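An overview of the molecular structure
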Amino acid sequence: MTIGLWRSSQLLEKPRVNEEPKPIAITLSSGAIEPIPLTRKLDNRKVELGKKLFNEPKLSKDNTISCASCHGLDTGGTDQLQFSRGVNNALGVVNTPTVFNSEFNFRMHWNGVVTTLEEQVDKPVYSERVMASSWPEVVSKLQKSPEYTSLFAKIYDDRINSDNIKDSIATYERSLYTPNSRFDKFLRGEPNALTSEEQEGYSRFKAYGCVSCHQGINIGGNLFQTFGLFGNYFEDRGEITKADLGRFNVTGNEEDRYKFRVSSLRNIEKTPPYFHDGTAETLEEAVELMGKYQLGRQLSEEDIQLIVKFLKTLTGEYQGRPL
Ligand code: HEC
Ligand code: HEC
């Protein structure tokens, strides 16, 4: 598929990882899905500082909420709730996506409003539903801490400011990649990494056309698509919200109404509930609805079971341990 190739060639031009990029031919024969690199070079001092900041409640107005409150690494990089609660118990309007492998998504957020991980950090810090704070507030709190003052001074000449906070958090997020899923081993040429049922699930995933949207290094995350290509998902579900308008909220273009970034399916077993509205509680339910609304196909019970088995092989490792 053209878009998969486009994304792959982007990766070939700008490999951000310390590994030789894969030739396009391999990408194509594996259905335009690529394995996650096994290692990458990152500035460890920034990773460590970014980790501390990611777990720092001082980033929120009342010092109660850190990034990790909603993006727990033990719970797939999410909090596994339909909607998360921020400062003052404010309820979110979309399901919290994972922070694992987020750099491999071409845009951030369900509607793609954000382009880079650095830029993304502004959103939670300022959002009233998340941390309800501001950079001047955060910077002045951190400046009162001798520990932070010395940690920043070791890395950044200009010390504690919003750019440096964003830089170190984003670097930490780039360290949250999950290579070595059984499926990646399969792609790298270990046929026995998947059982025959899991391989059959992958065959159906390709044959039915899931792969036309869920593809590339993140098995998703590299294009926008309408949710409800066949049938009207939103009318059927009811109570349409502003967040349901998806990419329309970013561009104002009629054609972007109900368009969302195609979700990455990596580690998908670990991040229920599913969809931007968090309404599908199980993977089986999500797969059935995808068949119905994205492919116009009523999947059989067997199809669903096999595809779910395949999806569960997409769980990778973080720092050498399965997620
Ligand atoms: C109250 C819960 C909550 C907190 C706290 C929170 N987030 Fe999020 N995060 C979300 C939600 C919800 C989204 C999706 C927003 C959207 O799509 O409109 C999101 C999206 C993201 C994304 C984009 C992922 C992707 O692939 O689209 C990243 C990266 C991220 N958050 C990092 C952070 C960082 C860094 C912090 C701390 C500075 C943080 N989050 C704090 C709930 C939270
Ligand atoms: C036409 C494009 C398209 C096709 C085909 C498609 N999907 Fe999706 N998929 C999407 C989009 C867009 C989303 C995000 C929808 C939302 O929540 O707004 C999504 C979300 C998902 C999710 C939930 C992800 C999450 O984190 O919540 C799963 C699971 C999924 N798809 C699996 C599949 C499977 C399995 C198939 C084949 C049976 C399939 N998809 C076919 C576009 C597609």
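Quick summary incoming for the structure in this document.

Definitions and cut-offs
- Residues numbered from 1 in each chain as written.
- Chains lettered and ligands numbered in written order.
- Predicted model: local features only at pLDDT ≥ 70, side-chain atom pairs only at ≥ 80, totals over all residues.
- Heavy atoms only, no water.
- Donors = N, O, S within 2.8 Å, 3.2 Å for Na, K, Ca; no water.
- Tetrahedral: all angles 85-135°; square planar, octahedral: opposite > 155°, others 65-115°.
- Helix = DSSP H or I, 4+ residues; strand = E, 2+ residues; numbered from the N terminus.
- Buried < 20%, exposed > 50% of the residue type's maximum accessible area, 1.4 Å probe, protein only.
- Polar contact = N/O pair within 3.5 Å; in protein donor to acceptor, adjacent residues only side chain to side chain.
- Contact = heavy atoms within 4.5 Å.
- Near = heavy atom within 4 Å.
- Nonpolar A, V, L, I, M, F, W, Y, C, P; charged D, E, K, R; others polar.

1. Quick word on the coordination of the iron atom of ligand 2
- Coordination of the iron atom of ligand 2 by the protein comes from His214 (NE2) and Met290 (SD), over a distance range of 2.1 to 2.2 Å.
- Because the angles between the six donor atoms bound to the iron atom of ligand 2 fall within 87 to 180°, the donor set is best described as octahedral. On the criterion of sequence distance, the pair formed by histidine 214 in the loop between helix 11 (196–207) and strand 1 (224–226) and methionine 290 in helix 14 (residues 283–295) is long-range, its members being 76 residues apart.
- For histidine 214, a relative accessible area of 11% gives the class buried.

2. Focus on the coordination of the iron atom of ligand 1
- A lone protein donor contacts the iron atom of ligand 1, and this donor is His71 (NE2), found at 2.1 Å.
- Position of histidine 71 relative to the elements: it lies in the loop between helix 4 (67–70) and helix 5 (117–120).

3. Looking at the side chain of serine 66
- On the secondary structure map, serine 66 appears in the loop between helix 3 (44–54) and helix 4.
- A distance of 3.2 Å separates a polar atom in the side chain of serine 66 from the backbone nitrogen of alanine 68.
- If we ignore the near neighbours within four places in the chain, the residues touching serine 66 are Phe54, Asn55, Glu56, Pro57 and Met131.

4. Thoughts on the site of ligand 1
- In the neighbourhood of ligand 1, 28 residues make up the surrounding shell, with Cys67, Cys70, His71, His109 and Trp110 lying closest.
- In this structure, an oxygen atom belonging to ligand 1 sits 2.7 Å away from a main-chain N or O atom of histidine 109.
- Here a nitrogen atom of ligand 1 and a side-chain polar atom of glutamine 120 are 3.2 Å apart.
- Elements with a contribution of two residues or more to the shell around ligand 1: helix 4, helix 5 and helix 9 (162–174).
- Split into classes, the residues belonging to the shell around ligand 1 amount to 15 nonpolar, 10 polar and three charged.

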